[in-house]
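A look at the structure
The residues making up each chain are set out below.
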Amino acid sequence: INHIVHNGGLYKRPFNEAFEETPMLVAVLTYVGYGVLTLFGYLRDFMRQWKIEKCQNATEREEQKDFVPLYQDFENFYNRNLYMRIRDSWNRPICSVPGAKVDMMERVSHDYNWTFTYTGRVIKDIINMGSYNYLGFAQNAGTCQEAADKVLSQYGAGVCSTRQEMGNLDKHEELEKLVARFLGVESAMAYGMGFATNSMNIPALVGKGCLILSDELNHASLVLGARLSGATIRIFKHNNMQSLEKLLKDAIVHGQPRTRRPWKKILILVEGIYSMEGSIVRLPEVIALKKKYKSYLYLDEAHSIGALGPSGRGVVEYFGLSPEDVDVMMGTFTKSFGAAGGYIGGKKELIDYLRTSSHSAVYATSLSPPVVEQIITSMKCIMGEDGTTVGKARVQQLAENTRYFRRRLKEMGFIIYGNEDSPVVPLMLYMPAKIGAFGREMLKRNIGVVVVGFPATPIVESRARFCLSAAHTKEMLDTALKEINEVGDLLQLKYSRHRLVPLLDRPFDETTYEETED
Amino acid sequence: MDIKRVKDYIHWLYYQYLLITCSYVLEPWERSMFHTITVTVFAMVVYTAYVFVPIHVRLAFEFFSQIFGGQPESMV
């Protein structure tokens, strides 16, 4: 179902997001599958308990059997009895740069995935549909690598101090000015780790007596930061503006729970692109609500910076809004810039305050110089300041790849979640056995995918997640689509009941969906 | 050639059965145990249906035809 939302003229372009419902038969069969696995899990646990079978996970020593248990056995039920059986689809060791094609070390297991041994063979040139390499900057040759090389010979690799003490290099100052210019904000600050940016800076911004309104599907780093801060947390339904408005109204009208005092601060935590759903936040509406109820907005653009917007400036540019409306713009350098680390951008007073009071600035080691140089070079490339149009070409290539890939997958009949323009494409698998089967079958056909199951997604909705890249050529995408089609037929994954009529002009077209058949 | 296609099709159906019931991830001895139980239950269901369903259907048909068809007969 494609619905176009025009909310009082806030949206300048159509917002096409779709989450097709799980077919009833598939849901029932998924539960049947989990039921069978649970029964066999109980059987195996029984055998392990009564020593009929050797127990291969962590247990206490004999002398400690009477002590308080160290390992809580039942909590790992799911881990022992399902995850272990299909574990070979995760933690696969790669031995080359994670670009559009990657090399992987082959492993086999002789005791059903409890231990792995390497055969010594290296599987070469696997099409990489799993790395967050949106603009293709994960390269081991080219301008970024040469610049990083020079800086490595000048500064070395280690910084050996925190930002506040002796770790503030001139490279960091240059990076921060560049990031502020790129985003269109007054000032920015860069940290060594993206997860730590969220979890260590939210406690510096809010505390007890403040209210945090966080989206249902926010990332673990945002949840951890919110919990660490000690503020009251209320959750609104994913991307649902009516739910958010209701929470805001209640917060303003009723105030704090017992004392009825007004909240000191209300902070709304949203992400630019949600990586498990592929959905884009409804930013115009969030900003309108924020202004109406006078609260603050924290936008986590981990996946959307570099990947959305006509010149790669992220979700704010994608909707045509002003960066001044977002109070705290956070993002990471891991995904589109091919480096590591995170940043926070905003008004000068805010960033100056964070420089002194953020845990990450005071205690964590700062970014390593070659990494900083990679970020600087790639950001200049995207902005076009290195004199070429490579950056703009990459942003456009990513957008074309996204639209093409999503359209072809929908035509084939798979259920795909998320917004039309998001480079993260989740393909629904639902049944637990298909999680393992999909990963293995795609690897046999030389395509590397990431499959996701229970703790990261709801139990019925397991999925395979494709991350598109500007480094993927059309031939690679066509090969991948052909193999996905084959595996989809083999595993019966084409659950979608909406059939798109394919347009006659197939390749690379800026098409909007005009004909849908139910 | 046809025999091979039929065999491939049956193999594919078996693969779907393994995927849907999650016996694809089980170890071989667990799989044999699961197949034995499934086949036993299925055989019992089929046997029960074969023995009881025709008799029940005939009795039900006679019962209902007596109620509806029986009225004009008794008036005449």
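What counts and what doesn't
Residues numbered from 1 in each chain as written. Chains lettered and ligands numbered in written order. Predicted model: local features only at pLDDT ≥ 70, side-chain atom pairs only at ≥ 80, totals over all residues. Heavy atoms only, no water. UniProt positions renumbered as here; feature names shortened; annotations may be inferred. Helix = DSSP H or I, 4+ residues; strand = E, 2+ residues; numbered from the N terminus. Rg over C-alpha atoms; globule rule 2.2 N^0.38 Å. Buried < 20%, exposed > 50% of the residue type's maximum accessible area, 1.4 Å probe, protein only. Contact = heavy atoms within 4.5 Å. Core = buried A, V, L, I, M, F, W, Y, C linked by side-chain atoms within 4.5 Å. Domains from an automatic or database assignment. Buried area = accessible area lost by both parts, 1.4 Å probe. Salt bridge = Lys/Arg side-chain N within 4 Å of Asp/Glu carboxyl O. Pairing = 2+ DSSP bridges. Axes fitted to C-alpha atoms, helices over the stretch in contact; angles between N-to-C directions. pLDDT = per-residue confidence, 0-100. Parallel < 35°, antiparallel > 145°, perpendicular 65-115°, else oblique. Left-handed = near helix turned anticlockwise from the far one by under 90°. Nonpolar A, V, L, I, M, F, W, Y, C, P; charged D, E, K, R; others polar.

Per an unreviewed UniProt entry, chain B is named Serine palmitoyltransferase small subunit B, and its organism is Corythaixoides concolor. Heading Subcellular location (unreviewed entry) of the UniProt record for chain B holds this comment: "Endoplasmic reticulum membrane".

Named according to an unreviewed UniProt entry, chain A is serine C-palmitoyltransferase originating from Corythaixoides concolor. The Subcellular location (unreviewed entry) comment attached to chain A in UniProt states, word for word, "Endoplasmic reticulum membrane".

Some points on the overall build of chain A
When its secondary structure is counted, chain A shows 15 helices and 19 strands. A compact globule built from 518 residues would reach a C-alpha radius of gyration of about 24 Å, and chain A, at 24 Å, matches this within 12%. A principal-axis box enclosing the C-alpha atoms of chain A has dimensions of 70 × 65 × 60 Å. Of all 518 residues assigned to chain A, the portion counted as buried reaches 53%. The long-range share in chain A, meaning contacts at least 24 apart out of those at least 6 apart in sequence, stands at 71%.

Regarding the nonpolar core
All names here are of chain A. Residues Phe333, Phe405, Leu409, Phe438 and Phe466 are the most contacted members of the largest nonpolar core, which totals 118 residues. A domain split of this core shows at least three residues from each of domain 1 (20–128 + 389–497) and domain 2 (143–383). Ignoring any residue separated from it by four or fewer positions in sequence, one finds Leu409 in contact with Phe414, Ile416, Val425, Leu427, Phe466, Leu481 and Ile484. Membership of the second largest hydrophobic core comes to 20 residues, among which are Ala204, Val206, Tyr298 and Ile351.

Structural notes on the interface of chain A and chain B
Contacts between chain A and chain B engage 23 residues on the former and 16 residues on the latter. Regarding the contact of chain A and chain B, the summed buried area is about 1,800 Å², with carbon and sulfur atoms giving 71% of it. Looking at the side of chain A facing chain B, the largest losses of area belong to Phe40, Tyr112 and Ala433 of chain A, adding up to 28% of the total buried there. One can count three salt bridges joining chain A with chain B. Across the salt bridge formed by Glu27 of chain B and Arg44 of chain A, the nearest N and O atoms sit 3.1 Å from each other.

As for the UniProt feature "domain: Aminotransferase class I/classII large" (unreviewed entry) in chain A
The UniProt feature table records "domain: Aminotransferase class I/classII large" (unreviewed entry) at residues 124–484 of chain A. Secondary structure over residues 124–484 of chain A splits into 43% helix and 17% strand, and the C-alpha atoms at its two ends are 19 Å apart.

A few points about the sheet that holds strand β16 (residues 450–452) of chain A
Strands belonging to one sheet form pairs held by backbone hydrogen bonds; the direction of such a pair is parallel or antiparallel. Residues and elements named next belong to chain A. Strand order in the open sheet formed by three strands is β14-β17-β16, and the pairing between neighbours is antiparallel. The open sheet has two edge strands with one neighbour each: β14 (424–428) and β16. Here the strands of the sheet are splayed against their neighbours by 30° on average, with no regard to which way each runs. Relative to strand β17 (residues 463–467), β14 is paired through five bridges, and the arrangement is antiparallel. Pairing of Pro426 across the sheet is with Arg465, part of β17. Against the sheet, helix α13 (residues 390–412) touches β14 and β17, its axis set at about 10° to β14.

What to know about the confidence of the model for chain B
Mean pLDDT over chain B stands at 89; residues scoring 70 or higher make up 91%. Of the two predicted TM-score estimates for the complex, the pTM is 0.87 and the ipTM is 0.82.

A few points about unusual backbone geometry
All names here are of chain A. Phi at Asn113 takes a positive value of approximately 70°, unusual for a residue other than glycine. Residue placement: Asn113 occurs in the loop between β2 (101–108) and β3 (117–128). Not every positive phi belongs to a glycine, and Asn446 is a case in point at roughly 65°. For Asn446, a relative accessible area of 29% translates into the label partly exposed.

Focus: the environment of Gly278 of chain A
Residue and element names in this part refer to chain A. Relative to the assigned elements, Gly278 resides in the loop between β8 (273–274) and β9 (279–280). Classification of Gly278 as buried rests on a relative accessible area of 0%. Sequence separation between Gly278 and Asn240 is 38 residues, and the spatial gap between their C-alpha atoms is 15 Å.

Re the pattern of salt bridges
Side chains that differ in charge, positive against negative, can pair when their charged atoms come close. Residue and element names in this part refer to chain A. Scanning the entire structure with this criterion turns up 35 salt bridges over all chains. A salt bridge links Glu277 to Arg463; its shortest N-O distance comes to 3.1 Å. You can see Glu277 sitting in the loop between β8 and β9 and its partner Arg463 sitting in strand β17, a full 186 residues away along the chain. In this structure, Glu420 and Lys410 form a salt bridge, with 3.0 Å as the shortest nitrogen-oxygen distance.

Brief notes about the sheet that holds strand β6 (residues 232–236) of chain A
All names here are of chain A. Taken in spatial order, the seven strands of this open sheet run β4-β12-β11-β10-β7-β5-β6, and their pairing is mixed. Two strands lie at the open edges of the sheet, namely β4 (187–191) and β6, each paired on one side alone. Across the sheet, the mean angle from the axis of one strand to that of its neighbour is 20°, orientation sign disregarded. By the bridge criterion, five bridges tie strand β5 (residues 211–215) to β6 in an arrangement that is parallel. Counterpart to Leu211 in the pairing with β6 is Thr232.

Some details on the packing of helix α4 (residues 170–183) of chain A against helix α12 (residues 369–383) of chain A
Residue and element names in this part refer to chain A. The contact between α4 and α12 brings their axes to 10 Å, and the two run at 30°. The angle between α4 and α12 falls in the class roughly parallel. Between α4 and α12 lies a crossing whose hand is left-handed. On the side of α4, the interface is formed by Lys171, His172, Glu174, Leu175, Leu178, Val179, Arg181 and Phe182, while α12 contributes Val372, Glu373, Ile375, Ile376, Met379, Lys380, Ile382 and Met383. Across the contact of α4 with α12, the residue classes break down as 10 nonpolar, one polar and five charged.

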